[in-house]
Amino acid sequence: MSGPVGMLTGDRVYRIHWMPGTDILRGVCHCGAERVAEEPVELWEWLLAHPQGHRSPAPPAPEVPTRTAVPA
């Protein structure tokens, strides 16, 4: 079993991770392909269309905003 204990694995496991500090989500297919987007629907459509689109280059990732420290 790969991954943390208790984490699901298998041929039909899909994941969408939120990237903290951003509005960006990362979709991970069971085949290992990854894609980033701001809209969860876009990622679910891509994941559920497997394997279509998984071999072509992913669109460029949305630009991650930089965070600036503000004195308290």
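All chains use their own residue numbering, which begins from 1 and follows the written sequence. Per-residue local features are limited, in this predicted model, to residues with pLDDT of at least 70; the limit for side-chain atom pairs, both in listing and counting, is 80 or more; totals at the level of whole chains, interfaces and linings are taken over all residues. No hydrogens and no water enter the side-chain calculation; it runs on all heavy atoms of the structure.

Before going further, it helps to spend a moment on the pattern of salt bridges. Salt bridge criterion: a side-chain nitrogen from Lys or Arg within 4 Å of a carboxyl oxygen from Asp or Glu. The tally for this structure, following the rule as stated, stands at one salt bridge. A salt bridge links R26 to E34, with the nearest nitrogen and oxygen atoms 3.2 Å apart. A relative accessible area of 29% means that R26 is categorised as partly exposed. The partly exposed category is assigned to E34, whose relative accessible area is 42%. Buried, partly exposed and exposed residues are distinguished by accessible area as a fraction of the type maximum, computed with a 1.4 Å probe on protein chains only: under 20%, between the cut-offs, and over 50%, respectively.

What follows concerns a negative patch on the surface. Together, D23, E38, E39, E42 and E45 give the surface a local cluster of negative charge. In this text, helices come from DSSP runs of H or I with a minimum length of four residues, and strands from runs of E with a minimum of two, each type numbered from the N-terminal end. By secondary structure assignment, the location of E42 is in helix 1 (residues 40-48). Judged by relative accessible area, E42 falls into the partly exposed class, the value being 36%. Each patch is assembled from residues with relative accessible area greater than 30% and no salt bridge, linking like charges that lie within 9 Å and nonpolar side chains (Val, Leu, Ile, Met, Phe, Trp, Tyr) that lie within 5 Å. Methods summary: accessible areas were calculated by the Shrake-Rupley approach with a probe of 1.4 Å, and residue burial reflects only the protein chains presented. Residues scored as charged are limited to Lys and Arg (positive) and Asp and Glu (negative), so that His and the chain ends carry no count. To locate a charge, take NZ of a lysine, CZ of an arginine, CG of an aspartate or CD of a glutamate.

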